[in-house]
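Architecture and fold: a report
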Protein chains: 2
Amino acid sequence: MPDYQAPLRDLRFVMDEMLDYPTHYAGLPGGEEATPDVVGAILEEGARFAREELLPLNQSGDLEGCLLEGGEVKTPKGFKEAYSRYVEGGWPSLAADPEQGGQGLPPSLAMVLSEMICATNLAWGMYPGLSHGAADALRHHGTEAQQATYLSKLVEGVWTGTMCLTEPHCGTDLGLIKTRAVPNEDDSYTLSGTKIFISAGDHDLAENIVHLVLAKLPDAPAGSKGISLFVVPKFLPDADGNPGARNGVSCGSLEHKMGIHGNATCVMNFDGARGFLVGKPHKGLACMFTMMNAARIGVGIQGLGLTEASFQNALAYARDRLQMRALSGAKAEDKPADPIIVHPDVRRMLLTQKAFAEGGRMLVLYAAQMVDVVERSDDAEQTERAETLLGLLTPIVKAFLTEVGFEATNEGVQVFGGHGFIQEWGMEQLVRDARITRLYEGTTGIQALDLLGRKVLMSQGETLKVFTKEIHKFCQAEEGNPDMAEFVRPLAKLNAEWGELTMGVGMKAMNDREEVGAASVDYLMYSGYVTLAYLFARAAKQAKSALAAGTDDAAFYRAKVNTARFYYERLLPRTRAHVQMIQAGGESLMALSPDDFGRGFEI
Amino acid sequence: MPDYQAPLRDLRFVMDEMLDYPTHYAGLPGGEEATPDVVGAILEEGARFAREELLPLNQSGDLEGCLLEGGEVKTPKGFKEAYSRYVEGGWPSLAADPEQGGQGLPPSLAMVLSEMICATNLAWGMYPGLSHGAADALRHHGTEAQQATYLSKLVEGVWTGTMCLTEPHCGTDLGLIKTRAVPNEDDSYTLSGTKIFISAGDHDLAENIVHLVLAKLPDAPAGSKGISLFVVPKFLPDADGNPGARNGVSCGSLEHKMGIHGNATCVMNFDGARGFLVGKPHKGLACMFTMMNAARIGVGIQGLGLTEASFQNALAYARDRLQMRALSGAKAEDKPADPIIVHPDVRRMLLTQKAFAEGGRMLVLYAAQMVDVVERSDDAEQTERAETLLGLLTPIVKAFLTEVGFEATNEGVQVFGGHGFIQEWGMEQLVRDARITRLYEGTTGIQALDLLGRKVLMSQGETLKVFTKEIHKFCQAEEGNPDMAEFVRPLAKLNAEWGELTMGVGMKAMNDREEVGAASVDYLMYSGYVTLAYLFARAAKQAKSALAAGTDDAAFYRAKVNTARFYYERLLPRTRAHVQMIQAGGESLMALSPDDFGRGFEI
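Residues numbered from 1 in each chain as written. Chains lettered and ligands numbered in written order. Predicted model: local features only at pLDDT ≥ 70, side-chain atom pairs only at ≥ 80, totals over all residues. Heavy atoms only, no water.

Overview of the overall build of chain A
Helix and strand counts for chain A stand at 18 helices and 11 strands. A compact globule built from 603 residues would reach a C-alpha radius of gyration of about 25 Å, and chain A, at 25 Å, matches this within 12%. Along the longest, intermediate and shortest principal axes, the C-alpha atoms of chain A span 80 × 65 × 60 Å. Intrachain contacts of chain A at a sequence separation of at least 6 include 74% that bridge at least 24 residues. (Helix = DSSP H or I, 4+ residues; strand = E, 2+ residues; numbered from the N terminus. Rg over C-alpha atoms; globule rule 2.2 N^0.38 Å. Contact = heavy atoms within 4.5 Å.)

Remarks on empty space enclosed by the protein
All told, the structure shown has 10 cavities of 30 Å³ or more when counted by the stated rule. Space inside the largest cavity adds up to approximately 1300 Å³. Lining the largest cavity are 50 residues, with Glu407, Tyr529 and Arg574 of chain A together with Glu407 and Arg574 of chain B positioned closest to its centre. The residue makeup of the lining of the largest cavity, split by class, is 20 nonpolar, 12 polar and 18 charged. Of the volumes computed, that of the second largest cavity is approximately 80 Å³. Together, Pro2, Asp3, Tyr4, Leu55, Asn58, Gln59, Ala119, Ala309, Asn313, Gly426, Gln429 and Leu430 of chain B line the second largest cavity. Within the residue set of the lining of the second largest cavity, elements represented by two or more residues are helix H4 (58-64), helix H9 (284-320) and helix H12 (427-437) of chain B. (1 Å grid on protein atoms, 1.4 Å probe; cavity = no way out; pocket = protein on both sides within 12 Å on 5 of 7 lines; lining within 4 Å. Points joined across faces, edges and corners; volume = space filled by probe spheres on them. Nonpolar A, V, L, I, M, F, W, Y, C, P; charged D, E, K, R; others polar.)

Things to note about the packing of aromatic side chains
Taken as a whole and assessed by the stated rule, the structure comprises 57 aromatic pairs over all chains. Consider the rings of phenylalanine 400 of chain A and tyrosine 529 of chain A, whose centres lie 4.8 Å apart with planes at 85 degrees: the pair is edge-to-face. Of this pair, phenylalanine 400 of chain A sits in helix H10 (residues 380-415) while tyrosine 529 of chain A sits in helix H15 (residues 514-549), placing them 129 residues apart in sequence. Taking the relative accessible area as the measure of exposure, phenylalanine 400 of chain A reaches 0% and is therefore buried. Ring centres 6.1 Å apart and planes at 35 degrees place the aromatic pair tyrosine 83 of chain B and tyrosine 86 of chain B in the tilted group. One end of the pair is tyrosine 83 of chain B and the other is tyrosine 86 of chain B, both in helix H5 (residues 79-88) and 3 residues apart, which spans about a single turn. Accessibility assignment for this pair places tyrosine 83 of chain B and tyrosine 86 of chain B in one class, buried. In textbook terms, an aromatic cluster arises when at least three aromatic residues are bridged by ring pairs, as seen for Phe49, Tyr83, Tyr86, Trp91 and Trp124 of chain A. One cation-aromatic arrangement involves arginine 9 of chain B over phenylalanine 556 of chain B; the distance from NZ or CZ to the ring centre is 4.1 Å. Directly above the aromatic system of phenylalanine 235 of chain B lies the positively charged group of arginine 246 of chain B, at a separation of 5.4 Å from the ring centroid. (Phe/Tyr/Trp six-rings, centres within 6.5 Å; stacked < 30°, edge-to-face > 60°. Buried < 20%, exposed > 50% of the residue type's maximum accessible area, 1.4 Å probe, protein only. Lys NZ or Arg CZ within 6 Å of the ring centre and 35° of its normal.)

Section: the UniProt feature "domain: Acetyl-CoA dehydrogenase-like C-terminal" (unreviewed entry) in chain A
In this structure's numbering, the residues bearing the UniProt feature "domain: Acetyl-CoA dehydrogenase-like C-terminal" (unreviewed entry) are residues 467-592 of chain A. Across residues 467-592 of chain A, the secondary structure splits into 86% helix and 0% strand, with the terminal C-alpha atoms separated by 38 Å. (UniProt positions renumbered as here; feature names shortened; annotations may be inferred.)

Description of the domain arrangement of chain A
When the domains of chain A are assigned, the result is domain 1 (8-141), domain 2 (159-288) and domain 3 (459-588). Computed from C-alpha atoms alone, the centre-to-centre distance between domain 2 of chain A and domain 3 of chain A is 41 Å. (Domains from an automatic or database assignment.)

Remarks on the pairing of strand S11 (residues 265-278) of chain A
Successive side chains on a regular strand alternate, one facing one side of the sheet and the next facing the other. Residue and element names in this part refer to chain A. By the criterion of burial, S11 is predominantly enclosed, with 10 of the 14 residues buried. Bridging between strand S5 (residues 188-199) and S11 involves 10 bridges; their strand directions are antiparallel. Across the sheet, threonine 194 pairs through a bridge with asparagine 269, a residue of S11. Of the strand pairs in this sheet, strand S10 (residues 249-254) and S11 are connected by 5 bridges, and their pairing is antiparallel. In the sheet register, valine 249 faces S11, and the bridge partner there is phenylalanine 270. (Pairing = 2+ DSSP bridges.)

So, in structure tokens, the structure goes:
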């Protein structure tokens, strides 16, 4: 069975040494509680919970899956008990507002814990994970009464939440939804329609489920400007706020999926369900985006968690499995063959995983500081900058970390050879679970359009400049440092190139809007590689400083410098391909008619 | 349910127009039977068989899987009947020697049919697929008596074959095998040991199963020089050659796998099984390589088949699914949204699949001509050249086509968005089935070492030169043709670079053998991209000639030119990354000690 140890040493490096979280927390309203000691204790306890409670249920949950019995969903054995302990431990409320019963710790801390949960049991983690989004939407857009009714229950974790967006004929294009909400004589609405792909849509972990549902009012304008948001509880709260009458919403069936079998992906039928408007009529999509941005970062963290899980187990296997001798001569002469970690190509795969895990962790923790600021800071200027940068980074976190997460979990299978294909080892499950992360909460293609179209080009490149300026400053500061030249020189070049590439695409797009879509995914991947290059350069600087200053953990810092070097030498060259592909433009993409695509096989 | 139409038009283009199969067949001993009419009829009938008999069993076979009951394996519903019809149709014997009951048609023709089988039902296709290898080994290395007993049964398909190599502690490193063969007083041996990952190790499709087994004799030298090959039938043939007494070989358990659920992957226990030596004592590995080279090309064809299957279904979905408007304005104004095929990034994914399918098909058919020559030609010089080139291309066919096949099947899922993750659509099965192809018959890493180490560097680059000279000639011939410049200029550059890169790695490897492993996978991928670039240039030339000459199928040829252009503009740039990664060398791979890899999480 796969094992997992939370990467506490690496977390400490990124948080305490590289990104100076202690100062960041100290300056954050409410963050003063998050002293290094408190943070350390929480991370250790979270690590224990993930390893001892969630990891043992990951393979069994995958094998067992969820069952729909008598209209109710049954989760795999042990899921309910683990969830109870999660609630008892106070985990759901960690970063929530004290006014709503939360502990008021910084959101970034919950994000770190989320990495551990995703690494040990993604399917389980999606049950509490979806609640955050629902709570966010109610916190920002709900009435006081709605907040009083639903919010503390969600924060406490005794109820969970969902996001009901997708319908059979539309996912990305929510303007097409058909679910209808008809006003009743009181303040409620009657909802009718079918939603699909509803994660945690029904289950037996919590006493009630709070659905946040997109639907159209009778007088709704056509398209995405006519969508409203409703809260629809599974059980209508009674006068005391406890689950009362069963509402007209139920799980019609469970999807059979490639992975995340332990999570119930439901077709949800709304048959005259009673719901309540959240926010203003026809403004539901904007409310939903509150949830979606957090959810997108959450999915990026899933990619990171799966990468780390796969890396750790591939490493253990590579040290243990004896096969062939090193090309340069036997390394373990006392054994019948060398452990496969001696082979350069096995090391290439492991280092690819390691670099994406450590790079992804830096990216998440870097973005998490901005989440903290946006959510908590009372400094307007600081908040505006954080919002801008977070807007830019969100599609990168989501799409880049899930794309490389899929690659990394596949490298994990590859290190195991044929055994990687066998369920028992657990490596193929990580691939199957990772596969959904490239799709849900907006596919990679959608994230790429968000990045290049909405964030970068619509701001005339200003949003990007906020980030490239920061990188430029870093490069300038290190210009005279020969010890950092191996990182800073290529980084400075890439940073300049990023701006030029953007300008190039922007110019082309003025003549032909399709050029945005033609460049977008390559642009996103390029942006991800450059972003990680910046963070690895900072990590290398930090590690080299520690080594120069003298340390009793030299092996850690040397490994960090080497991982950065590997990243620069063996992963960053991928930018060369992306640059050419971006510059190639859309002509070869747009030339064929839909019919002509099939000329080779259609008669 | 997924659909599939054999790409007969594209096959005709590659075979008849581009690679001039009619002349190739006419010049091949025994090939004169394979007239264009005969070939056409066989391909059409094969297409029908694949679509009507195999495709309907693909999803059900995946869901049902195989069962081990009372020591016997039961295959999914319908598999046995389809296999009977396959045998009745004479398919197994198509390309076999008439002396052994075969129809004597060229091996390449069986390879074309194999693409169709892999595209429609990979798990089923592995039952007859493994028999070819076993028959080959017996044909080349078996005694006359062994051939008389087993070969015609295998050729006819009433018995099937397996390759029993892997053991729990060794796959790549067969020198470590523990299965023992002790000579009896007659000409037989008693085999004891356990083999794992035995595809089609037991099943209910055929009346007998012929295992080709690697084992060690009591006096065997240590390591890979002490391995012998044995034939071990499930039922010992009686005096009339019919299945007689049950032999001491049985399926101990079935592996639970990520994919190819319809194929029985068996743990095979040899408990005092009676076997017969094939070839000379201790020379088993060489005999096995006869099987393995054909099997490796067969796995490359699996990658191709899955790519085509995924492409066709993604294309159908992209034409049908309405979502969002084109960035440049609505294309289907009468519909609520545009079909997603209008979006450039969806086209990028479809074209990636299309280019890898058509490029892979050209590569397989190009290599298949060499297989024909090696197997059938009586021209020594021609045979030697074909053997050399085939040796070079085999690891490329195997590893490159399975790596890009995995990518392509994943693009298929991505085109479907969230629906791609749902079993019902069949797209995720193609990914799960494709995942094994990167692993079995030697992982990508092993193929890469075979290519760079054994084939290229051990021949001092001479093997590579046979191919690069051919490419050079093509480029020279087209040098003055402005219409081909868009392909020939970059191709000529790449071709020269290929030689320089090889020299560079060779020089480094003289100082440090690990540099071979450090460069190998990037070198293989680079080689694959250049090889397809050569073939796409030839295809473009052929298509442009047809257009210039006038044709009533202009849409096909225009699509072909555009696909070549897409390949050059949007896939070939990946070589830029591989070049830099090859040149980076192994230092950053080899720097960390096995302990240092885990410094971030190990306490």
